[in-house]
Amino acid sequence: MAAAEEKTGTKAARQAAKGDNGKAVVADHETVGDGYLDGAKTQTSAKATAEQKASPANEAAAERMDRFVGLDPQTLIGLYRTMYASRRIDDKEIQLKGQNKIFFQISGAGHEALLAGAALAMKPGYDWFFPYYRDRALMLGLGMTAQEMLFSAVGAEADPNSHGRQMPSHWGSVKLNVPSQSSCTGSQALHSVGAAEAGYRASLVKELQDKVTGFKGDEVVYMSVGDGTTSEGEWWEALNTACNLKLPVIFVVEDNGYAISVPVEVNTAGGDISKLVAGFPDLYIQKCDGTDPLESFSTFRRAVEYCRKRKGPAFVHGKVIRPYSHSLSDDEKLYRPEEERQADAAIDPIKTFAEFLMNERIATSEQLEALRKDVDAEINKAADIAVETPQPAPETALRNVFSPDVDPTDRRLFDTEEGAELSGNPGTMVDLINRCMHEEMESDPRIVIFGEDVADASREEYLEQVKGKGGVFKVTANLQRKFGSARVFNSPLAEANIIGRSVGMAIRGLKPVCEIQFFDYIFPAMQQIRNEVAVTRWRSDGDTKCPMVIRVPVGGYLKGGAVYHSQSGTTLFSHTPGLRIVYPSTALDANGLLRTSIRCDDPVLFLEHKHLYRQVYNKSAYPGKDFLIPFGKARKVREGSDVSIITFGALVERSNQAAKRLEQQGVSVEIIDLRTLVPYDWEAVAESVKKTSRVIVAHEDPISYGYGAEIAARISDELFEYLDAPVRRVGAIDTFVAYAPQVEDFILPQSEDVENAVQELMKY
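Predicted model, so just to flag it, every value in this text is computed and none were measured. Starting from 1, residues in each chain are numbered consecutively following that chain's sequence as written. Local features in this predicted model are restricted to residues of pLDDT 70 or higher, and side-chain atom pairs are both shown and tallied only at a pLDDT of 80 or more, whereas totals for entire chains, interfaces and linings draw on every residue. Only hydrogens and water are set aside; all other atoms, that is, all heavy atoms of the structure, feed into the side-chain values.

### Focus on the overall build of the protein chain
We apply this condition: Numbering goes from the N terminus for both helices and strands, where a helix is a DSSP run of H or I of at least four residues and a strand is a run of E of at least two. Note that the radius of gyration is over C-alpha atoms, with the globule rule given as 2.2 Å times the number of residues to the power 0.38. Note on contacts: a residue pair qualifies if any of its non-hydrogen atoms lie within 4.5 Å across the two residues. Note on areas: Shrake-Rupley, 1.4 Å probe, and residue coverage restricted to the protein chains presented here. Neither His nor the chain termini are counted; the positive set is Lys and Arg, and the negative set is Asp and Glu. The atom standing in for a charge is NZ when the residue is Lys, CZ when it is Arg, CG when it is Asp and CD when it is Glu.
In terms of helices and strands, the protein chain carries 29 helices and 25 strands. At 30 Å, the protein chain has a C-alpha radius of gyration in line with the 27 Å of a compact globule built from 764 residues. Within the protein chain, contacts between residues at least 6 apart in sequence are counted, and of these 79% link residues at least 24 apart. Surface summary for the protein chain: the accessible area is close to 29,700 Å², and the carbon and sulfur share equals 51%. Side chains of the protein chain carry 87 positive and 109 negative charges; the gap between the two charge centres is 3 Å.

Listed below in structure tokens is the structure:
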């Protein structure tokens, strides 16, 4: 028994601390599917454990195993310092919260050994990290300081994670390659896949290698979650794509047995996530004792090596403890009995690793006490400094909602509309969007285009035999043929997957132009768009950004579309700060606005009305590859003097039809096509209203709570003295779009509805 314990590092110290009631972990290797399983089999009987360790196979394995997994005494003591500092920063924050000097606390207690081992196995500023809020010890191991963490706790401007905008323990560091983290558990899984995919695509396209941030050819991406987050669909979507493309992502599950108060067996079928992922191909699966820093380091070292060699993704399932409550907003005593909490305390890595260092004569108790005093003094000093450090000025809240570097509303840079020379035969909106993407991809190798069915044929060997798909509306036709499958490719049928991967790609310098096949199916990606895409720049105060274009066919007026192929929904997204929204009504506008969207430095939701894709009345000859229309510049469709109609999308032509009939009745109607909804051209609206003194806002969305209400309210607020009549709105009725054509016509606003609204308004 003594000889076996001599070979098992900190397990020996833990076993001594636990006595006969403790658990011992014996690692073994077995192949699972196309990957590997480095499992940890737990036996509750100390006698059974001793018998296993005494077996010839285990004795031989123990002899082969490096006693300290190749780490020298200085490094081993450094591991303990990282772990202890992590715990003491937690304790200091808890103390500060009790003194009302900070406002929230969530700890990494119990996870320190696993994370210190992970940090030691990886390269800060070289590899990429998408951690979660328990990963304090990881961040310390990578190089973040106690001072920086306590700046975060007090919400100081000097906080490198978010400059006072995020809760503490929401990590972010430019120098360490840690993009800004949100509170949405698991959403970073797709970002990590996108970040790894950026490197993967750079390895396929030489022109990308100096464009992808931090491309080295062997960089590895770390992402971590708690056991509860493995219930999230996006986490599984990330695993699917990582395995499909053999991406170098290490998926880490820090399993402390609880998701707040919900135990792991309630979250996970069978209570063991390692067993559930065993069927993924090329996934290197390992399970380790996450309270043992040496076993954790060894596990991560193998995972990193596997990923650096580009064999596929790795999976590390670390069993850890949670000696503190979920956060200071939680009380674990309400759902965890004392016996269970005491069992965790017996294997607390701060305690057991210190015992190991002393038992192995790596450090004396006096040396460790001196180390602890040094760490305590450092943290106390950092806390004193932090509480005196100023928070951001209130007006900084307006900073970094959008890019401060590229302003797509700047008409000096993004307006070549006047005097543009048109040539060639008139093309549809589909034609001019497609040509814009061809030309932009030609000039900018960073652009990648993907989504469901956007490629000509995923099976490249078929390209010589088939015409090719190129999107359900043919908007992306022949892009794959021209630029190859490394830059134009199909995604799984998973909308969050498309957007989440785009975030990771954009963070590393690619420019994704992705497609959601129908607006009606954008809602699985709503979480990513609202909580990640739009807010990334703001929550990091500009340290992380994810500029991209999300192309979305939208709207009704196509017979047979029904409920799930006819939605508009612009109101839902226009209320989201940080997201630009473009909605062209003509082929020429679509071309110029898409080009501006691609060259923009912000995320853009580019809405393409399906009914307008191939209309004859909105066709245009080609304007050239430098044709740009700035955001926030409306188009005057029709000059008039009696009534202004403010509109966009399919309602532009319906309003124009109504205006022609009204002209025969002696009513002169002016039509303003907004073209971009965020931002919109308030100056053009105000100029028109001041001239006509009557205004109607028309849109396809249901009328109640709609986008038109914002325009109408602002007109009433700021232009009231110019009005001769109330501001009126025309929109869909407050229901969904039906399949039967005559019912759809009743639901959606028609030109007759616009005409009737003008006639009513002229009575004032």
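### Details of the side chain of Gln147
Along the chain, the position of Gln147 falls in helix 8 (residues 146–154). In this structure, Gln147 is in contact with Ala382, Ile385 and Ala386, ignoring residues within four places of it in sequence.

### So, the sheet that holds strand 22 (residues 669–673)
This is how the line gets drawn: Paired strands are those between which DSSP finds at least two bridges. Lines are fitted to the C-alpha atoms to define the axes, a helix being fitted only along its stretch in contact, and any angle between axes, read from their N-to-C directions, falls within 0 to 180 degrees.
Spatial ordering of the open sheet is given by 20-22-21-24-25, a layout of 5 strands whose pairing is mixed. Here the strands that pair on one side only, and so sit at the sheet edges, are strand 20 (635–638) and strand 25 (728–732). Within the sheet, the average angular offset between the axes of one strand and its neighbour, ignoring direction, is 25 degrees. With 5 bridges connecting them, strand 21 (residues 643–647) and strand 22 associate as parallel partners. In the sheet register, Ser644 faces strand 22, and the bridge partner there is Glu670.

### Some thoughts on the sheet that holds strand 18 (residues 604–609)
With respect to topology, 7 strands assemble into an open sheet ordered 14-13-15-16-18-17-23, the strand pairing being mixed. Either end of the sheet is taken by a strand with one partner, and the two such strands are strand 14 (488–490) and strand 23 (676–678). The sheet shows a mean angle of 20 degrees between the axes of neighbouring strands, taken without regard to direction. Relative to strand 23, strand 17 (residues 580–582) is paired through 2 bridges, and the arrangement is antiparallel.

### Focus on the pattern of salt bridges
Here is the rule: The rule for a salt bridge is simple: a side-chain nitrogen of Lys or Arg has to be within 4 Å of a carboxyl oxygen of Asp or Glu. Note on exposure labels: buried denotes an accessible area under 20% of the residue type's maximum, exposed denotes more than 50%, and partly exposed covers the range between, all computed with a 1.4 Å probe on protein chains only.
According to the stated counting rule, one finds 57 salt bridges in the structure shown. Across the salt bridge formed by Glu219 and Arg508, the nearest N and O atoms sit 2.8 Å from each other. Taken together, the residues Glu219 in the loop between helix 9 (188–204) and strand 6 (221–226) and Arg508 in the loop between helix 20 (495–507) and strand 15 (511–515) connect sequence positions 289 residues apart. Across the pair, exposure class does not vary: Glu219 and Arg508 are buried alike.

### A closer look at the environment of Gly419
As for its placement among the helices and strands, Gly419 is situated in the loop between helix 17 (411–414) and strand 12 (423–427). Under the relative-accessibility criterion, Gly419 is labelled exposed at 69%.

### Side note on helix 6 (residues 112–121)
In terms of residue burial, helix 6 counts as a mostly covered element, since 9 of its 10 residues are buried. Listed in full, the buried residues belonging to helix 6 are Glu112, Ala113, Leu114, Leu115, Ala116, Gly117, Ala118, Ala119 and Ala121.

### Quick word on the pairing of strand 22
To keep things clear, this is the line we draw: The definition of a right-handed crossover adopted here requires that, viewed with the strands pointing away, the path from the first strand over the helix to the second runs clockwise.
With respect to burial, strand 22 is a largely interior element, 5 of its 5 residues being buried. Side chains of strand 22 alternate between two faces, with Val669, Ile671 and Asp673 and Glu670 and Ile672 buried alike. A crossover links strand 21 with its parallel partner strand 22, the connecting element being helix 25 (residues 651–664), and its sense is right-handed.

### As for helix 10 (residues 233–245)
Which entries qualify depends on this criterion: Here a helix's expected span is defined as the number of its residues, less one, multiplied by 1.5 Å.
In this model helix 10 runs 19 Å from its N-terminal to its C-terminal C-alpha over 13 residues, within 8% of the 18 Å that 1.5 Å per residue would give. Taken together, the buried positions of helix 10 are Glu234, Trp235, Ala238, Leu239, Thr241, Ala242, Cys243 and Leu245. With its phi angle positive at about 55 degrees, Lys246 sits one or two positions after the end of helix 10.

### Quick look at the nonpolar core
The following threshold applies: We call a set of buried Ala, Val, Leu, Ile, Met, Phe, Trp, Tyr and Cys residues a nonpolar core when their side-chain atoms join them within 4.5 Å.
Among the nonpolar cores identified, the biggest contains 86 residues, and Trp235, Phe251 and Ile715 are the most heavily contacted of them. Listed in part, the 67 residues of the second largest apolar core include Leu150, Val220, Leu368 and Ala382.

### Things to note about unusual backbone geometry
Apart from glycine, the bulk of residues carry a negative phi angle, and the bulk of peptide bonds sit in the trans form. Of note, the amide linkage connecting Val678 to Pro679 takes the cis form, showing an omega dihedral of 0 degrees. Tracing the backbone through its elements, the reader meets Pro679 in the loop between strand 23 and helix 26 (682–692). Positive phi outside glycine occurs at Ser169, with the angle close to 65 degrees. Looking at where Ser169 falls in the secondary structure, it is placed in the loop between helix 8 and helix 9.

### Describing the packing of helix 5 (residues 73–98) against helix 6
Selection criterion: Here the angle decides the label: under 35 degrees means roughly parallel, over 145 means roughly antiparallel, 65 to 115 means roughly perpendicular, and every other value means oblique. The sense of a crossing depends on the near helix, which, turned anticlockwise from the far helix by less than a right angle, makes the crossing left-handed and, turned clockwise, makes it right-handed.
Where helix 5 meets helix 6, the axes come as close as 9 Å, and the angle between the chain directions of the two elements is 130 degrees. In terms of orientation, helix 5 lies oblique with respect to helix 6. For the element pair helix 5 and helix 6, the recorded crossing hand is right-handed. Residues Thr75, Leu79, Thr82, Met83, Ser86 and Arg87 of helix 5 pack against Glu112, Ala113, Ala116, Gly117 and Leu120 of helix 6.

### Thoughts on the side chain of Ser169
Put simply, the rule reads: We define a polar contact as two N or O atoms separated by no more than 3.5 Å, with the added condition that, inside protein, one atom must be a possible hydrogen donor and the other a possible acceptor, whereas residues neighbouring each other in sequence contribute only through side-chain atom pairs.
Taking relative accessible area as the criterion, Ser169 reaches 3% and is therefore assigned buried. In this structure the side chain of Ser169 is engaged in a polar contact, spanning 3.4 Å, whose partner is the side chain of Arg136.

### Quick notes on empty space enclosed by the protein
Defined as follows: Lining residues are those with an atom within 4 Å of a point, where the points come from a 1 Å grid over the protein atoms alone and group into cavities, where a 1.4 Å probe fits but cannot get out, or pockets, open sets with protein on both sides within 12 Å along at least five of seven lines. Grid points are joined across faces, edges and corners, and a volume is the space filled by probe spheres set on the points. For this scheme, ten residues count as nonpolar: Ala, Val, Leu, Ile, Met, Phe, Trp, Tyr, Cys and Pro. Four count as charged, namely Asp, Glu, Lys and Arg, and the remainder, Gly too, count as polar.
As enumerated under the stated definition, the model contains 6 cavities of 30 Å³ or more in all. Here the largest cavity defines a volume of roughly 80 Å³. Lining of the largest cavity is provided by Phe130, Pro131, Pro179, Ser180, Gln181, Ser182, Cys184, Ser187, Gln188, His191, Glu532 and Arg539. Here the lining of the largest cavity is composed, by residue class, of 4 nonpolar, 6 polar and 2 charged. Taken as a whole, the second largest cavity holds about 50 Å³ of empty space. In terms of lining residues, the second largest cavity is bounded by 13 residues, among which Tyr132, Cys184, Thr185, Gly186 and Gln188 are the most central. Of the residues that constitute the lining of the second largest cavity, the class distribution is 5 nonpolar, 8 polar and no charged.

### Regarding the state of the cysteines
Inclusion rule: In what follows, a disulfide is any cysteine sulfur pair within 2.5 Å.
Under the counting rule described, the total for this entry stands at 0 disulfides. For Cys184, which is in no disulfide, the shortest distance to another cysteine sulfur is to Cys546 and amounts to 13 Å. Cys600 forms no disulfide, and the closest cysteine sulfur to it belongs to Cys546, at a distance of 12 Å.

### Quick notes on the confidence of the model for the protein chain
Put simply, the rule is: pLDDT is defined as a per-residue confidence score from the predictor, taking values between 0 and 100.
Averaged over all residues, the pLDDT of the protein chain is 91; the fraction at 70 or higher stands at 91%. Within the model, the stretch residues 1–53 combines pLDDT values under 50 with 92 contacts to residues more than four positions away or in other chains. Contacts from residues 60–65, a stretch scored under 50 in pLDDT, to residues over four places away or in other chains number 3 contacts.

### Re the packing of aromatic side chains
Under the convention used in this document: Whether two aromatic rings pair depends on their centres lying within 6.5 Å, for rings of Phe, Tyr and Trp, where Trp uses its six-membered ring; planes under 30 degrees apart make the pair stacked, over 60 edge-to-face, and the rest tilted. The criterion for a charge sitting over a ring is simple: Lys NZ or Arg CZ within 6 Å of the ring centre, and within 35 degrees of the ring normal.
Counted by the stated rule, this structure contains 20 aromatic pairs. A centroid spacing of 5.2 Å and a plane angle of 50 degrees characterise the contact between Phe473 and Tyr613, whose relative ring orientation is tilted. Taken together, the residues span a long stretch of sequence, with Phe473 in the loop between strand 13 (447–451) and helix 19 (479–483) and Tyr613 in the loop between strand 18 and strand 19 (620–622) at a distance of 140 residues. For the pair formed by Phe473 and Tyr613, the shared burial category is buried. An aromatic cluster of at least three residues, connected via ring pairs, comprises Trp235, Trp236, Phe280 and Phe315. The positively charged end of Arg87 is found above the aromatic ring belonging to Tyr324, 5.7 Å away from the centroid. In this arrangement the basic side chain of Arg654 is found over the ring face of Tyr557, its NZ or CZ atom lying 3.8 Å from the centre.

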